[in-house]
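Residue strings, one per chain:
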Amino acid sequence: MFENLTGRLSDVIKTLKGEARLTENNIQKALREVRLALLEADVALPVVKEFIARVKEKAVGHEVMSSLTPGQALVGVVQQELIAIMGGDKADLNLSTTPPAVILMAGLQGAGKTTSSGKLAKWLMEHKKKKVLLVSCDIYRPAAIHQLELLANQTGADFFPVQSNQKPGEIGTAALDYARKHHHDVMIVDTAGRLGIDEAMMQEISELERLLNPIETLFVVDAMQGQDAVNTAKAFSEALPLTGVVLTKLDGDARGGAALSVKHITGKPIKFTGIAEKLTGIEAFYPDRMASRILG
Ligand code: GDP
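Treat the numbers as computed from the prediction; the structure is a model and nothing was measured. (Residues numbered from 1 in each chain as written. Predicted model: local features only at pLDDT ≥ 70, side-chain atom pairs only at ≥ 80, totals over all residues. Heavy atoms only, no water.)

Looking only at helices and strands, the protein chain features eleven helices and eight strands. Taken against the 2.2 N^0.38 rule, which gives 19 Å for 296 residues, the C-alpha radius of gyration of the protein chain at 21 Å falls within 12% of a compact globule. With the C-alpha coordinates aligned to their principal axes, the bounding extent of the protein chain is approximately 70 × 40 × 30 Å. Taking all 296 residues of the protein chain together, the buried fraction comes to 52%. Long-range contacts, defined here as pairs at least 24 residues apart, represent 77% of the contacts in the protein chain between residues at least 6 apart. As displayed, the protein chain offers around 13,400 Å² of accessible surface, 49% of which is attributable to carbon and sulfur atoms. (Helix = DSSP H or I, 4+ residues; strand = E, 2+ residues; numbered from the N terminus. Rg over C-alpha atoms; globule rule 2.2 N^0.38 Å. Buried < 20%, exposed > 50% of the residue type's maximum accessible area, 1.4 Å probe, protein only. Contact = heavy atoms within 4.5 Å. Areas by Shrake-Rupley, 256 points an atom, 1.4 Å probe, with all protein chains shown as cover.)

Overall, the predicted model of the protein chain reaches an average pLDDT of 90, with 97% of residues at or above 70. Across the whole predicted complex the pTM is 0.93, and at the interface the ipTM reaches 0.99. (pLDDT = per-residue confidence, 0-100.)

With that settled, consider helix H9 (residues 227–239). Between its terminal C-alpha atoms H9 stretches 19 Å, which fits the 18 Å expected from 13 residues at 1.5 Å a residue. What H9 keeps buried is the set Ala229, Val230, Thr232, Ala233, Phe236 and Ser237. Down the axis of H9, the buried side of the element spans an arc of 165 degrees, and every buried residue falls inside it. Contacts from the buried residues of H9 go to strand S1 (101–106), helix H8 (199–212), strand S5 (216–222) and helix H10 (257–266). (Expected span 1.5 Å × (residues − 1). Arc of directions from axis to C-beta.)

Once that is clear, we can look at the UniProt feature "domain: AAA+ ATPase" (unreviewed entry) in the protein chain. The sites that UniProt annotates as "domain: AAA+ ATPase" (unreviewed entry) are residues 99–247. In residues 99–247, the share of helix is 48% and the share of strand is 19%. The end C-alpha atoms are 26 Å apart. (UniProt positions renumbered as here; feature names shortened; annotations may be inferred.)

Where H9 meets H10, the axes come as close as 9 Å, and the angle between the chain directions of the two elements is 25 degrees. On the basis of their axis angle, the class for H9 and H10 is roughly parallel. For the element pair H9 and H10, the recorded crossing hand is right-handed. Within the contact between the two elements, H9 uses Ala229, Val230, Ala233, Lys234 and Ser237 and H10 uses Ala258, Ser261, Ile265 and Thr266. (Axes fitted to C-alpha atoms, helices over the stretch in contact; angles between N-to-C directions. Parallel < 35°, antiparallel > 145°, perpendicular 65-115°, else oblique. Left-handed = near helix turned anticlockwise from the far one by under 90°.)

What follows covers the site of the ligand. What surrounds the ligand is a group of 17 residues, the closest being Gly110, Thr114, Thr115, Asp251 and Glu277. Threonine 114 has a polar side-chain atom sitting 2.7 Å from an oxygen atom of the ligand. Taking glycine 274, its main chain carries an N or O atom lying 3.4 Å from an oxygen atom of the ligand. In the complex, 80% of the free accessible area of the ligand, which totals 580 Å², lies under the protein chains. Element by element, the count of residues in the shell around the ligand is highest for helix H5 (residues 113–128), at four residues. Split by residue class, the shell around the ligand holds four nonpolar, seven polar and six charged. (Near = heavy atom within 4 Å. Polar contact = N/O pair within 3.5 Å; in protein donor to acceptor, adjacent residues only side chain to side chain. Nonpolar A, V, L, I, M, F, W, Y, C, P; charged D, E, K, R; others polar.)

Quick look at the structure:
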């Protein structure tokens, strides 16, 4: 990921070699390159514009300390703004509620909801020592329910058995009773996804959200979708009170633009990234570490 972005930014820095300070003129050339690099990385246009404006404001007239080259000074500003655009501080998963803490997983089909539910269960068991119940409300795809059951078996999380003919709302409330009775700390609810956003899907997940009152409603989105990921994120964030984002398949995305756009567009922080297909392929998201990775 960020293959071109990293390379392009280091080229920009080289162009500033020998300059005594950052000026309107030399910054202009550099910023044009940064802008192109971001667009090539598939960062959403409004995000690029905002980003460039902020870097410009901070960088012009910036006195270069004798220990820094102008290129390094610009990198410093770019780094700060990369962190800021990704949300600044790390956003932790919020579990502070009377157990079970319900985590609702939303997103399009194929985004990685079921896989991420399994990964998150494993992460919570290993890193937070939580007792986790996995619940599937994807009644339209028995294969998806089975997939989650397999993931539960692989991770050692508990799995809520679904009765045939139960509606998603019925499954959700029955699972909540079950989780209370069996003292689960966290209940992760996987939901049905569609290939596109449609009214029926949004209504169903909104109803589940109202019934279960989740402490976290995570939007799962495939980084490889680039700009489309951002548009989908916007639609979901308008329909549901999202609390965060899981950005999957970062391992498959050479450009990485979605990582920079999602927070700015939805107002919700990325909480986790998917970095491999396997169950350990999930990482908590740190804006500062991601910024360092981008700058190479
Ligand atoms: P859902 O329809 O949203 O539940 O999507 P799935 O969980 O079934 O995932 C769709 C596909 O994406 C599966 O083949 C997963 O193995 C794959 N996948 C999910 N997350 C990641 C990830 O972070 N990296 C990679 N490489 N593949 C992933």
